[in-house]
Each structure stands twice: as structure tokens, then as C-alpha cells.
Amino acid sequence: MVLGFSIALIVFSLLLMLLVLMHKGKGGGLSDMFGGGMQSSVGGSSVAERNLDRITVVIGLLWFTCIIVLCIVMKTNN
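Scoring rules and cut-offs
- Residues numbered from 1 in each chain as written.
- Predicted model: local features only at pLDDT ≥ 70, side-chain atom pairs only at ≥ 80, totals over all residues.
- Heavy atoms only, no water.
- UniProt positions renumbered as here; feature names shortened; annotations may be inferred.
- Helix = DSSP H or I, 4+ residues; strand = E, 2+ residues; numbered from the N terminus.
- Buried < 20%, exposed > 50% of the residue type's maximum accessible area, 1.4 Å probe, protein only.
- Contact = heavy atoms within 4.5 Å.
- Areas by Shrake-Rupley, 256 points an atom, 1.4 Å probe, with all protein chains shown as cover.
- Axes fitted to C-alpha atoms, helices over the stretch in contact; angles between N-to-C directions.
- Parallel < 35°, antiparallel > 145°, perpendicular 65-115°, else oblique.
- Left-handed = near helix turned anticlockwise from the far one by under 90°.
- Nonpolar A, V, L, I, M, F, W, Y, C, P; charged D, E, K, R; others polar.
- Expected span 1.5 Å × (residues − 1).
- Patch = residues over 30% accessible without salt bridge, like charges linked within 9 Å, V, L, I, M, F, W, Y side chains within 5 Å.
- Salt bridge = Lys/Arg side-chain N within 4 Å of Asp/Glu carboxyl O.

- Looking at an unreviewed UniProt entry, one finds the chain named Protein-export membrane protein SecG and attributed to Streptomyces humidus.
- Its UniProt record gives the chain a comment under Sequence similarities (unreviewed entry), which states: "Belongs to the SecG family."
- Check the Function (unreviewed entry) section of the UniProt entry for the chain; it says "Involved in protein export. Participates in an early event of protein translocation."

Here is the structure:
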């Protein structure tokens, strides 16, 4: 069980990093290094950006839940 949650944690971590890097930069900071500062922010967020936000939040919640469950499982195994 610990191995399964550990693998899930690694997968969710990699997905979360990928999704965060896919977000469009809102100005200043490290996002400009990837070209996010070159685009103008005229107009609102598109449907793709909103869906990307939702997917990122869901993966983040799954990542957090996986950490909590993994801690509980490891604590009860000792």
C-alpha cells in the first residue's frame, strides 16, 4: 500500500510541475524567463486557461490527499 501511494505521489508531483509550468505568466518573476512577459494581457482568460486552472487545482488536491494518506498509512504500519 505504501508503494502504491509513493508511486502515485511521484506521478502527481510530476503532473503538478508540468501544469504549473504550462500556465501563462501574469507579469514579473520567473515566468518572464520562459517568455510569459512577452504577451499582452488584453482580454480575459480563455476557456483553455480556465480548464488548466481547474485541472491544476484538482491535481494539487489529489497530491495533498496522497501525502496525508501516505502519512497515515506509514504511521499505522509502525
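A closer look at the overall build of the chain
For step 1, the next point in the chain: Scanning the chain for helices and strands turns up two helices and zero strands.
For step 2, the next point in the chain: When the 78 residues of the chain are sorted by exposure, 17% land in the buried category.
For step 3, the next point in the chain: By sequence separation, contacts in the chain at least 24 residues apart represent 87% of the contacts at least 6 residues apart.
For step 4, the next point in the chain: Of the roughly 6,100 Å² of accessible surface on the chain, a fraction of 73% belongs to carbon and sulfur atoms.

A look at the UniProt feature "transmembrane region" (unreviewed entry) in the chain
For step 1, the next point in the chain: Residues annotated in UniProt with the feature "transmembrane region" (unreviewed entry) correspond here to residues 55–74.
For step 2, the next point in the chain: Overall, residues 55–74 shows 100% helix and 0% strand. The separation of its end C-alpha atoms is 28 Å.

Some details on the packing of helix H1 (residues 2–22) against helix H2 (residues 47–77)
For step 1, the next point in the chain: It is at 9 Å that the axes of H1 and H2 come closest, and there the two elements cross at 155°. The angle between H1 and H2 falls in the class roughly antiparallel. As H1 packs across H2, the resulting crossing turns out to be left-handed.
For step 2, the next point in the chain: Of the residues assigned to the contact of H1 with H2, the class counts are 21 nonpolar, five polar and no charged.

Re H2
For step 1, the next point in the chain: Across its 31 residues, H2 extends 45 Å between first and last C-alpha, which sits within 8% of the 45 Å expected from 1.5 Å per residue.
For step 2, the next point in the chain: Those residues of H2 lying buried are Leu-52, Thr-56, Ile-59, Gly-60, Cys-66, Leu-70 and Val-73.
For step 3, the next point in the chain: Contacts made by the buried residues of H2 are with H1.

Brief notes about a nonpolar patch on the surface
For step 1, the next point in the chain: On the surface, a nonpolar cluster with roughly 570 Å² of combined accessible area is contributed by Leu-3, Ile-7, Val-11, Leu-15, Leu-18 and Met-22.
For step 2, the next point in the chain: Relative to the helices and strands, Val-11 is located in helix H1.

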